[in-house]
Each structure stands twice: as structure tokens, then as C-alpha cells.
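# Survey of secondary and tertiary structure
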Amino acid sequence: MTDLTPIPVNPAALPAPSGYSHGTLSGNTLYLGGQTALDADMRIVPGGIVEQFRQAFGNVLTTLREAGGVPEDLVSITLYLTDIPDYQAHGREIGRAWRELAGPVYPAMAGIGTTGLWQPEALIEILGVAVIPDERLVAPSR
């Protein structure tokens, strides 16, 4: 039987979390906490929705890789957006950024409009779920 005890996954490459985890591993399932476009200095990257998507999704992938995952292991992604029309207007550029970061595979997805995110200047927050095969799984020490 697989041990399903939740294990926090907090890559050193991301800002140290306080009161949350960047990810939680339970068995082979990695629950990826919501990531905005925070850079290493804890600031939202400037430049608009495409740049913020690239940073936020990159943060998600950093957590995924910390547990031995690859983008193809993503089974679900949820995007929280403060401006859906802006995201739609830049869809082609965002699609290119996705393919550069994750390749041509797309998991189940949802895009949800919201009036605001934790950081007022954030335009997007991305969370997800991945299932990582045993042969690549790297469980952080407890």
C-alpha cells in the first residue's frame, strides 16, 4: 500500500513559504499550490499577462520538478484570472509560452475569473495536480 501521508514540497528556488506549501505530495499525487508571478525577490514580474503567465507557470513547474515530475505528469491546471478578455487577447502568445515551458501536452484545464488575487498587481494565479510515476518520484524528506 502506498503511503498517503502528505509531504510538503518547497523548492529552494522559490521564495520560502510562510503558512502554506508550494506543493503537497500524497502517494504519487502532487497537489501544486497556487502560484502567482512572484520572482525570487518576492515581486510580481512586470510586463503584463504573458510575462506573468510565464513566471507563474514556471513557478508551478519548479515545484513539479522538485518532486521528480515533468510537465506531462500534469493532470489538471486551474487558472485564476483578474481579466479574462486580456488573457484571451494574448492567447496565442500564452500558448507559445506553454509549449516552450511544457511542450505540446495539455492537461484538463479551467479558467476562472476573479476580482482579485493575494498580490494586488497579480493578474494570474495557477494551481494544478500531477501524478508522478514511481520511477521518477522524488519524495522530499519529512
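Above: the structure in question.
Residues numbered from 1 in each chain as written. Predicted model: local features only at pLDDT ≥ 70, side-chain atom pairs only at ≥ 80, totals over all residues. Heavy atoms only, no water.

### As for the side chain of glutamate 125
- With respect to the helices, strands and loops of the structure, glutamate 125 is situated in strand E6 (residues 124-131).
- No salt bridge is formed by the buried glutamate 125. Its closest oppositely charged neighbour is arginine 43, at 18 Å.
- Once you skip the residues sitting within four places of it in the chain, glutamate 125 turns out to touch Gly34, Gln35, Thr36, Thr78, Leu79, Tyr80 and Leu117. (Helix = DSSP H or I, 4+ residues; strand = E, 2+ residues; numbered from the N terminus. Buried < 20%, exposed > 50% of the residue type's maximum accessible area, 1.4 Å probe, protein only. Lys, Arg positive; Asp, Glu negative; His and termini not counted. Salt bridge = Lys/Arg side-chain N within 4 Å of Asp/Glu carboxyl O. Contact = heavy atoms within 4.5 Å.)

### Some remarks on helix H1 (residues 49-66)
- The first and last C-alpha atoms of H1 sit 26 Å apart over 18 residues, in line with the 26 Å expected at 1.5 Å per residue.
- Of all the residues in H1, the buried ones are Ile49, Val50, Gln52, Phe53, Ala56, Phe57, Gly58, Asn59, Val60, Leu61, Thr63 and Leu64. (Expected span 1.5 Å × (residues − 1).)

### Some words on the packing of aromatic side chains
- Following the criterion strictly, the structure yields four aromatic pairs and no others.
- Taking the centre distance of 5.5 Å and the plane angle of 25° together, the rings of phenylalanine 53 and phenylalanine 57 count as stacked. Here phenylalanine 53 and its partner phenylalanine 57 are both found in helix H1, four residues apart, which amounts to about one turn of the helix.
- The exposure class assigned to phenylalanine 57 is buried, which follows from its relative accessible area of 0%. (Phe/Tyr/Trp six-rings, centres within 6.5 Å; stacked < 30°, edge-to-face > 60°.)

### Considering the sheet that holds strand E1 (residues 7-9)
- With respect to topology, six strands assemble into an open sheet ordered E1-E2-E3-E6-E4-E5, the strand pairing being mixed. What marks the edges here is a single partner per strand, and that holds for E1 and strand E5 (108-113). Ignoring strand direction, the axes of neighbouring strands in this sheet form an average angle of 15°.
- Note that E1 and strand E2 (residues 23-26) share three bridges and pair antiparallel. Of the residues in E2, the one forming a bridge with valine 9 is glycine 23. (Pairing = 2+ DSSP bridges. Axes fitted to C-alpha atoms, helices over the stretch in contact; angles between N-to-C directions.)

No statement about biological role is implied by the geometric values presented.
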